[in-house]
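# Coordinate analysis (summary)
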Amino acid sequence: MNEQADDIEVLSGALAWLQSGQRVALVTVIRTWGSSPRPPGSLLAMNHHGQFVGSVSGGCIEESLLARYRDGELLVAEPSGSKSSATRPTMVDFGVNRQEASRLGLPCGGRLELLVEELSGPESVEPLLARLQNGELVARRVDLSGGETYGQVSLQPGECGTEFQISETAVVKTFGPGWQLLLIGDGQLARHLASMALHLDYRVTICDPRDSFASATPLADVFYSREMPDDAVNALSEHARSAIVTLAHDPRQDDLALSAALESRAFYIGALGSKRTAQARCKRLASQGYSAQQIERIHGPAGLTIGSKRPAEIAVSILAEITAIRHGITAQTQENS
């Protein structure tokens, strides 16, 4: 199950409990230290009967979390006269020291910081779920700045690459369509790249309309397309969580895909080939009317410089670059760090 499906399952479970009149809390992993099985942004919903959906620790602390919620230990009442809900979001630590980590079943020295929000009713979940079901990318912001706005939740258009952000004043989690990887051109490199991307929860499509490149042994869980490359790209044109990589070694195929990709919202556009090939490609695209700023979106040659030679190594370098861009890390970021 991918991240989006996990989030929708948690939110849907919370909504069903709220609609039946139960008390429900939403728990978000804020920070982790040491060896934690669930990353920041992971969600869990629980009700006062001791039921839960989702996970914040892979099963290590859920039982203790449920007991503390049921006993009223996790929530802080709003000051009298407040216009906010009856309880305030609460930050909770689990596994602060080795002894506590051992008792809770966390890896030795592990620690989790969680945000616990008691949901006020179905209206606290329904708008977010409706926008997700409409295919939107949505940022849910919880105000932690203090005062009358503390704990207020707002929904805003999400931005690609900002999956989860925390600051002294807010926690922002971006929900929405899963990450997609479109590979133009089938072959050994595409197979390596597709196999690796599946482990990172990408929905992978390999597009190659050339009859001689039809795979005799297609990879499980990979979608294959016989469309023209520009049509395959256009199908993802409004999807900001898309990465597009051309691997066809055929300018006719690659240029069709790249031309369409430059008009898309894809967060990553990569093209295989040497520096000389990349320069020739840039000239062709410029002659078609694309600006230098547009052409600069193309990572070519695709991949980080790691001395890769074999197909599997090249696949690692490309996926590493995609991962860095996905998390907002650029060459300039690395130079300034």
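This one's a predicted model, so the numbers in the text were calculated from it and none came from an experiment. (Residues numbered from 1 in each chain as written. Predicted model: local features only at pLDDT ≥ 70, side-chain atom pairs only at ≥ 80, totals over all residues. Heavy atoms only, no water.)

## Comments concerning the sheet that holds strand β3 (residues 52–54)
With respect to topology, 5 strands assemble into an open sheet ordered β3-β2-β1-β7-β6, the strand pairing being antiparallel. The strands lining the two open edges of the sheet, one partner per strand, are β3 and β6 (90–94). Neighbour to neighbour, the strand axes of the sheet diverge by 25° on average, direction disregarded. Across the sheet, helix α2 (residues 62–70) is in contact with β1 (24–33), β2 (43–47), β3, β6 and β7 (111–118); its angle to β2 comes to roughly 45°. (Pairing = 2+ DSSP bridges. Helix = DSSP H or I, 4+ residues; strand = E, 2+ residues; numbered from the N terminus. Axes fitted to C-alpha atoms, helices over the stretch in contact; angles between N-to-C directions. Contact = heavy atoms within 4.5 Å.)

## Looking at the sheet that holds strand β13 (residues 203–207)
With respect to topology, 6 strands assemble into an open sheet ordered β14-β13-β12-β15-β16-β17, the strand pairing being parallel. The open sheet has two edge strands, β14 (223–225) and β17 (298–299), and neither has a second partner. With 4 bridges connecting them, strand β15 (residues 242–246) and strand β16 (residues 268–271) associate as parallel partners. Within the sheet, the bridge partner assigned to Ala-243 lies in β16 and is Tyr-268. Sitting on the sheet, helix α10 (residues 311–326) is in contact with β12 (180–184), β15, β16 and β17, with an inclination near 160° to β16.

## Digging into the pairing of β13
Burial of β13 is extensive: 4 of the 5 residues sit out of reach of the surface. Note: β12 against β13, 5 bridges, orientation parallel. Note on β13: the bridge partner recorded for Leu-181 is Val-204. Each parallel crossover has a hand, and the one from β12 via helix α5 (residues 188–198) to β13 is right-handed. (Buried < 20%, exposed > 50% of the residue type's maximum accessible area, 1.4 Å probe, protein only. Right-handed = clockwise from strand over helix to strand, strands pointing away.)

## Regarding the confidence of the model for the protein
In the predicted model, the protein carries a mean pLDDT of 87, and the fraction of residues at 70 or more is 87%. For the protein, the element scoring lowest by mean pLDDT is helix α11 (residues 331–336), at 51; β15 scores highest, at 97. Low pLDDT, under 50, characterises residues 80–85; the stretch is placed with 4 contacts to residues that sit more than four places away or in other chains. (pLDDT = per-residue confidence, 0-100.)

## What about the packing of α5 against α10?
Helix-helix packing is described using two parameters, namely the angle between the two axes and the distance between the axes. Running from N to C, α5 and α10 cross one another at 50°; their axes reach a closest spacing of 8 Å. With respect to their mutual orientation, α5 and α10 come out oblique. In this structure, α5 crosses over α10, and the sense of that crossing is right-handed. Seen from α5, the contacting residues are Gln-188, Leu-189, His-192, Leu-193, Met-196 and Ala-197; seen from α10, they are Pro-311, Ala-312, Ile-314, Ala-315, Val-316, Ile-318 and Leu-319. Its residues placed into classes, the contact of α5 with α10 shows 11 nonpolar, 2 polar and no charged. (Parallel < 35°, antiparallel > 145°, perpendicular 65-115°, else oblique. Left-handed = near helix turned anticlockwise from the far one by under 90°. Nonpolar A, V, L, I, M, F, W, Y, C, P; charged D, E, K, R; others polar.)

## Quick look at the nonpolar core
Taken as a class, soluble globular proteins show a tendency for nonpolar side chains to be buried jointly. Grouped together as the largest cluster of nonpolar side chains are 25 residues, with contacts concentrated most on Leu-181, Leu-183, Leu-247, Ile-318 and Ile-322. Of all the secondary-structure elements, those providing two or more residues to this core are β12, α5, β13, β15 and α10. Contact partners of Leu-247, with chain neighbours within four places excluded, come to Leu-183, Ile-184, Gly-185, Leu-189, Ala-190, Leu-193, Asp-254, Leu-272 and Ile-318. (Core = buried A, V, L, I, M, F, W, Y, C linked by side-chain atoms within 4.5 Å.)

## Points about the pattern of salt bridges
Tallied over the entire structure, the rule returns 13 salt bridges. The closest approach of N and O atoms between Glu-118 and Arg-23, which form a salt bridge, is 3.0 Å. Remark: Arg-23 occurs in the loop between α1 (3–19) and β1 and Glu-118 occurs in strand β7; sequence separation between them is 95 residues. What makes Arg-23 partly exposed here is its relative accessible area of 36%. Residue Arg-252 is joined to Asp-250 by a salt bridge in which the shortest nitrogen-to-oxygen separation is 3.1 Å. (Salt bridge = Lys/Arg side-chain N within 4 Å of Asp/Glu carboxyl O.)

## Here's the deal with empty space enclosed by the protein
Summed over the entire model, instances satisfying the criterion amount to 1 cavity of 30 Å³ or more. Its volume calculated, the largest cavity comes out at about 60 Å³. Secondary structure elements with two or more residues in the lining of the largest cavity: β7, β8 (138–143) and β11 (170–175). Considering each element in turn, the lining of the largest cavity owes the most residues, 4 residues, to β11. When its residues are assigned to classes, the lining of the largest cavity shows 7 nonpolar, 1 polar and 3 charged. (1 Å grid on protein atoms, 1.4 Å probe; cavity = no way out; pocket = protein on both sides within 12 Å on 5 of 7 lines; lining within 4 Å. Points joined across faces, edges and corners; volume = space filled by probe spheres on them.)

## Structural notes on unusual backbone geometry
A negative phi angle is the norm for most residues apart from glycine, just as the trans form is the norm for most peptide bonds. Note the cis peptide between Gly-300 and Pro-301, where omega equals 0°. By the element assignment, Pro-301 lies in the loop between β17 and α10. Although it is not a glycine, Asp-201 sits at a positive phi angle of roughly 70°. What makes Asp-201 partly exposed here is its relative accessible area of 43%. The residue Asp-221 is not glycine, and still its phi comes out positive at about 70°. Note that Asp-221 resides in the loop between β13 and β14.

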